[in-house]
Amino acid sequence: MGFFDLFKKKEEPVVPAGPIVVAADAKGAIVKMEDIPDEVFAQGILGQCCGIDPAVGEVYAPIDGEITQAPDSLHALGIQGVGGVEVLIHVGVDTVEMKGDGFASNVKLGDKIKKGQLLLTMDLDKIKAAGHPAVVITVVTNSDDFASVDLVAEGNVEPGADMLKVSKG
């Protein structure tokens, strides 16, 4: 690093001016928070959320950010997103019991990701055979840091469609 490098501006991540949009991370039918078949998520204990009953075994990045959690069980990912939004993607209910069987991750801890990037795949038949709902749950884990987190999608969605609107104030 040269002397003049000290005076160069550090690149700051671009923070959206308005509400932050968390996109649909799977293709399938929207599941409202209260209808998620797991009480912890349905009651919003981990934060405001919704789910997608997946039609295809692929999960995409709902927001630009960095992977902050990537358990060996491959059933979940944590993302530090732009604008300070922290997102947890949890694939299925009680799928941690599968110990990664039927899951494959395309990312690892510390990876920078872009909205729409394929993050992981899952074998929907294996999840069903193990007796677990395959719903892909997307949680804004720091919901309390924002004025509101609102579900803006309904019915069937494609990956990348607007799903949750996170408002600062």
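Structure: see above.
This structure is a prediction, so every number in the text was calculated from the model and none was measured.

A. A look at the sheet that holds strand E10 (residues 118-122). Strand order in this open sheet of three strands is E4-E10-E8, and the pairing throughout is antiparallel. Each end of this open sheet is capped by a strand with a single partner; those strands are strand E4 (58-60) and strand E8 (103-105). Strand-to-strand twist across the sheet, computed as the mean angle between neighbouring axes with direction ignored, equals 20°. Bridge count between E8 and E10: three bridges; the pairing is antiparallel. Across the sheet, residue Ala 104 finds its bridge partner in E10, namely Thr 121.

B. Examining unusual backbone geometry more closely. In this structure, Leu 74 takes a positive phi of about 60° despite not being glycine. Summarising the element assignment, Leu 74 is placed in the loop between strand E5 (65-69) and strand E6 (76-81). Positive phi, normally seen in glycine, also occurs at Lys 99, with a value near 50°. Of the residues examined, Lys 99 reaches a relative accessible area of 70% and is grouped as exposed.

C. The sheet that holds strand E3 (residues 48-54), seen in detail. Taken in spatial order, the eight strands of this open sheet run E9-E5-E6-E7-E11-E3-E2-E13, and their pairing is antiparallel. A strand with exactly one partner marks an edge of an open sheet, and here the two such strands are strand E9 (112-113) and strand E13 (156-157). Bridge count between E6 and strand E7 (residues 86-91): five bridges; the pairing is antiparallel. Across the sheet, the residue bridging to Gly 78 is Leu 88, located in E7.

D. Fine view of the pattern of salt bridges. In the structure shown here, the tally under the stated rule is five salt bridges. As a salt-bridge pair, Glu 158 and Lys 27 come within 3.2 Å of each other at their nearest N and O atoms. Taken together, the residues Glu 158 in the loop between E13 and strand E14 (162-167) and Lys 27 in the loop between strand E1 (20-23) and strand E2 (28-31) connect sequence positions 131 residues apart. We classify Lys 27 as partly exposed; its relative accessible area is 34%.

E. Representation of the side chain of Asp 25 in the model. Its place among the elements puts Asp 25 in the loop between E1 and E2. With no salt bridge to any partner, buried Asp 25 finds its closest opposite charge in Lys 115, at an N-O distance of 12 Å. Here the side chain of Asp 25 touches Thr 138 through a polar contact of 2.5 Å, side chain to side chain. Not counting the four nearest positions on each side in its chain, Asp 25 is found in contact with Ile 52, Glu 58, Val 59, Tyr 60, Pro 62, Ile 89, Val 136, Thr 138 and Met 163.

What counts, and where the lines are drawn
- Residues numbered from 1 in each chain as written.
- Predicted model: local features only at pLDDT ≥ 70, side-chain atom pairs only at ≥ 80, totals over all residues.
- Heavy atoms only, no water.
- Pairing = 2+ DSSP bridges.
- Helix = DSSP H or I, 4+ residues; strand = E, 2+ residues; numbered from the N terminus.
- Axes fitted to C-alpha atoms, helices over the stretch in contact; angles between N-to-C directions.
- Buried < 20%, exposed > 50% of the residue type's maximum accessible area, 1.4 Å probe, protein only.
- Salt bridge = Lys/Arg side-chain N within 4 Å of Asp/Glu carboxyl O.
- Lys, Arg positive; Asp, Glu negative; His and termini not counted.
- Polar contact = N/O pair within 3.5 Å; in protein donor to acceptor, adjacent residues only side chain to side chain.
- Contact = heavy atoms within 4.5 Å.

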